[in-house]
Amino acid sequence: MSNTSSLDQSTHWADIHAARIVRERGPKPHYTCASGITPSGTIHIGNFREIISVDLVARALRDRGETARFIYSWDDYDVFRKVPGNIPDAEQFTRYLRWPIVRVPDPWHKQSSYARANEVELESVLPELGVRPHYIYQAEQYQNSVYADGIRTALEQRETIRGLLNQHRTQPLPQHWWPISVFSSFSGKDTTTVIDWDGQWSVRYRCDETGNEEALDLRTTGAVKLLWRIDWPMRWKHEDVDFEPAGKEHHSAGGSFDTARTIAEQVYHQQPPVTFKYDFISIKGSGGKISSSSGEVVSVRDVLEVYQPEVVRHLFAGTRPNAEFAISFDLDVIKIYEDYDKCERIYFGLEDVGEKRRLKEARIYELSQVDSVPAQAPLQIPFRHFCNLLQISAGDIDRVIDAFPGTESMVIADRERLRRRGACGWNWIHHHAPQDFRFTLKSGSEPPLALGNAERAAVAALADEVRARLDVHDEKSLAQAIYDIAAAHQIEAREFFRVMYQVLVGKDQGPRLAGFLITLGSERVLQILRSYQTEDGS
RNA sequence: GGGCCGCUAGCUCAGCUGGUAGAGCAACGCCCUUUUAAGGCGUGGGUCUCAGGUUCGAACCCUGAGCGGCUCACCA
């Protein structure tokens, strides 16, 4: 979809917003798409929705021939408000409360700060998803006095801002209110009181803890920060932001986006960015391993353990941002993969659907790619089948891929995607799949099960059948042979299946038997059954 | 109190720049006795919450009502 006319007709939400940005902001040499968050904890999959939404819209802009930059603001100059439950030595960390998080040490002693630890966790995972924003670190910006003019403007317009904010407050802001907060040079905390501003660049404050007073010059200090509701519109002005979505908690009348919008217009004379509201993400079926109820959050990395990157993108590209949805770790995972594979088949014309549907799915497929769209339809190994093959092969991903028909001629990129899918499948089996789904193949070296004579004879007969004719059977004829053997030994078919699953995988149930035996191949089947063959039942 | 969103098959939802209702699961049936939350094929099932309006035509647009739900009004 390189030509603009087809994108103009696109009904995909990312294209619709891209078109809106160009229309409302007018022609520009480049458009700025923004997002950001306070790195006060692990960036979870709900936060990721904003990031991927911006990435998709930025891509949609580029696809229609515009230049788009994606800036991601880490608000690491925000204060440390409470000690998270998941960090070691939580008690020790209470001493850092009210410090900027960029100065709170990394509890895991790997990064320069707690903020940096959270930043690195996300920054290291985004490239795998094809998301590469330009990061802006607010601590650095403030400490270098980059926003001195913006802060001064807010001080000059203090009463205007107060009036705008009071419109939605139950309690009006107090008389001594200022649109800034100050980090004390004496305590390091933001527990300070602004005393005065000289109308120019000098702000005088008192440290609440030590009682010390000090005057700061906005042009050289790094200690003065705008309050959130003013900081946001100031940055829209500073970066000339054209587009920034926000969560629904910001998007009510009187919410922070609403007040930021009026402050941008009236104080900073900046047209507020095009925006939309995105809904929350919930989690389903985490199998007890990761659940929000236990206080643990689901990180982007956690999702990538189970979903390959294209499928993660597909999840978000294929869902309207204002609809809530659940990320599933249960049996739904299979369907999510099947949906992606189906979308891929539709893109490559391997599956017939109506024209309208085709265009939509094709666009979703494009936006789901980490890099570019594959030149030709990649070989698909369905997720469920992949999981079964992996269990047969003890998790040897390359062996499964090599044994799969058609993989010899595969290009490297396709193979890498399959390997990634295999790794996800293996993780899913071990951490999330229902017990019924899991099995471990017997090796044949275990002591044989104690079976009745008829059962043992039937197993031996099936071994004979496998040895003699497995390669000429198809699934159906082998299934028939299995029933025949059961009947010949006067065993209920149901019981014979149970025995065979016990012999093969030590459970009462397993993958459909005939297909399972064919997949295993005669050599492995006979290996497992060898202790039953040597009995004198023949 | 302000703002926003939803209401479509038994369940979960898709369909929303208006063109005679779709998918998955469930149900039912068939695939030579045919196990399984792990095979294939097929079938049934919906006055699209209600009432008006615009239109040749409305699940979709407008107005109003009912019932979920979310969010802001403290901080960010």
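Rules behind the numbers
- Residues numbered from 1 in each chain as written.
- Chains lettered and ligands numbered in written order.
- Predicted model: local features only at pLDDT ≥ 70, side-chain atom pairs only at ≥ 80, totals over all residues.
- Heavy atoms only, no water.
- 1 Å grid on protein atoms, 1.4 Å probe; cavity = no way out; pocket = protein on both sides within 12 Å on 5 of 7 lines; lining within 4 Å.
- Points joined across faces, edges and corners; volume = space filled by probe spheres on them.
- Helix = DSSP H or I, 4+ residues; strand = E, 2+ residues; numbered from the N terminus.
- Nonpolar A, V, L, I, M, F, W, Y, C, P; charged D, E, K, R; others polar.
- Domains from an automatic or database assignment.
- Contact = heavy atoms within 4.5 Å.
- Salt bridge = Lys/Arg side-chain N within 4 Å of Asp/Glu carboxyl O.
- Polar contact = N/O pair within 3.5 Å; in protein donor to acceptor, adjacent residues only side chain to side chain.
- pLDDT = per-residue confidence, 0-100.
- Buried < 20%, exposed > 50% of the residue type's maximum accessible area, 1.4 Å probe, protein only.
- Pairing = 2+ DSSP bridges.
- Core = buried A, V, L, I, M, F, W, Y, C linked by side-chain atoms within 4.5 Å.
- Axes fitted to C-alpha atoms, helices over the stretch in contact; angles between N-to-C directions.

With that out of the way, let us pick up empty space enclosed by the protein. In this structure the tally under the stated criterion is three cavities of 30 Å³ or more. Size it by volume and the largest cavity reaches roughly 130 Å³. The wall of the largest cavity is formed by Gln308, Tyr340, Asp341, Glu344, Pro378, Leu379, Gln380, Ile381, Asp414, Arg417, Leu418 and Arg421. Every element with two or more residues in the lining of the largest cavity is listed here: helix H12 (332-347) and helix H16 (412-431). Sort the elements by how many residues they give to the lining of the largest cavity and H16 lands first, with four residues. Every residue along the wall of the second largest cavity is listed here: Ala34, Ser35, Ile71, Ser73, Ile136, Gln138, Tyr147, Arg235, Trp236, Glu239, Val241 and Glu244. The greatest single-element share of the lining of the second largest cavity, amounting to three residues, is contributed by helix H8 (residues 228-239). Looking at the lining of the second largest cavity residue by residue, the classes come out as six nonpolar, three polar and three charged.

Turning next to the domain arrangement of chain A. Its domain assignment divides chain A into domain 1 (4-172 + 227-278), domain 2 (281-437) and domain 3 (453-533). Between the C-alpha centres of domain 1 and domain 2 there is a distance of 30 Å. Taken residue by residue, the interface counts 32 residues in domain 1 and 31 residues in domain 2. Taken together, the links from domain 1 to domain 2 amount to five salt bridges. Where arginine 420 meets glutamate 128, a salt bridge forms, and the shortest distance between an N and an O atom there is 2.9 Å. At the surface where domain 1 touches domain 2, the tally comes to 16 residue pairs in polar contact (both at pLDDT 80 or more). The set of elements that each furnish at least two residues to the side of domain 1 that touches domain 2 consists of helix H2 (13-25), helix H3 (45-63) and strand E10 (277-278). By residue number, the principal contributor to the side of domain 1 that touches domain 2 is H3, which donates 10 residues. Taken together, the residues of the side of domain 1 that touches domain 2 sort by class into 16 nonpolar, eight polar and eight charged.

Take the confidence of the model for chain A next. Mean pLDDT for chain A: 88, with 95% of residues reaching 70 or above. Taken as a whole, residues 1-5 scores under 50 in pLDDT and shows eight contacts with residues more than four places along the chain or in a different chain. This stretch, residues 287-294, has a pLDDT under 50; its non-local contacts, to residues over four places away or in other chains, come to eight contacts.

On to the pairing of strand E6 (residues 202-207). With burial as the criterion, only one face of E6 is covered, namely that bearing Val203, Tyr205 and Cys207; the residues Ser202, Arg204 and Arg206 on the opposite face remain uncovered. The pairing of strand E5 (residues 192-197) with E6 spans five bridges and is antiparallel. Bridge pairing in E6 links valine 194 to tyrosine 205. Here E5 folds back onto E6, and the loop between the two strands holds four residues, one of which, glycine 199, carries a positive phi near 85°.

Time to look at the nonpolar core. Residues Phe48, Leu122, Tyr307, Phe316, Ile327 and Trp428 are the most contacted members of the largest nonpolar core, which totals 64 residues. Element by element, the count of residues in this core is highest for H3, at 10 residues. Here this core spans two domains, and each of domain 1 (4-172 + 227-278) and domain 2 (281-437) adds at least three residues to it. Contacts of isoleucine 327, omitting those with residues within four sequence positions, involve Ile45, Ile281, Ser282, Ile283, Lys284, Val303, Tyr307, Leu315 and Phe316.

Pairing is antiparallel in the open sheet, where three strands are placed in the order E5-E6-E7. Where the open sheet ends on each side, the last strands, each with one partner, are E5 and strand E7 (213-217). With direction set aside, neighbouring strand axes in the sheet form an average angle of 30°. In terms of strand pairing, E6 meets E7 through five bridges, oriented antiparallel. The residue of E7 that forms the bridge with valine 203 is leucine 216.

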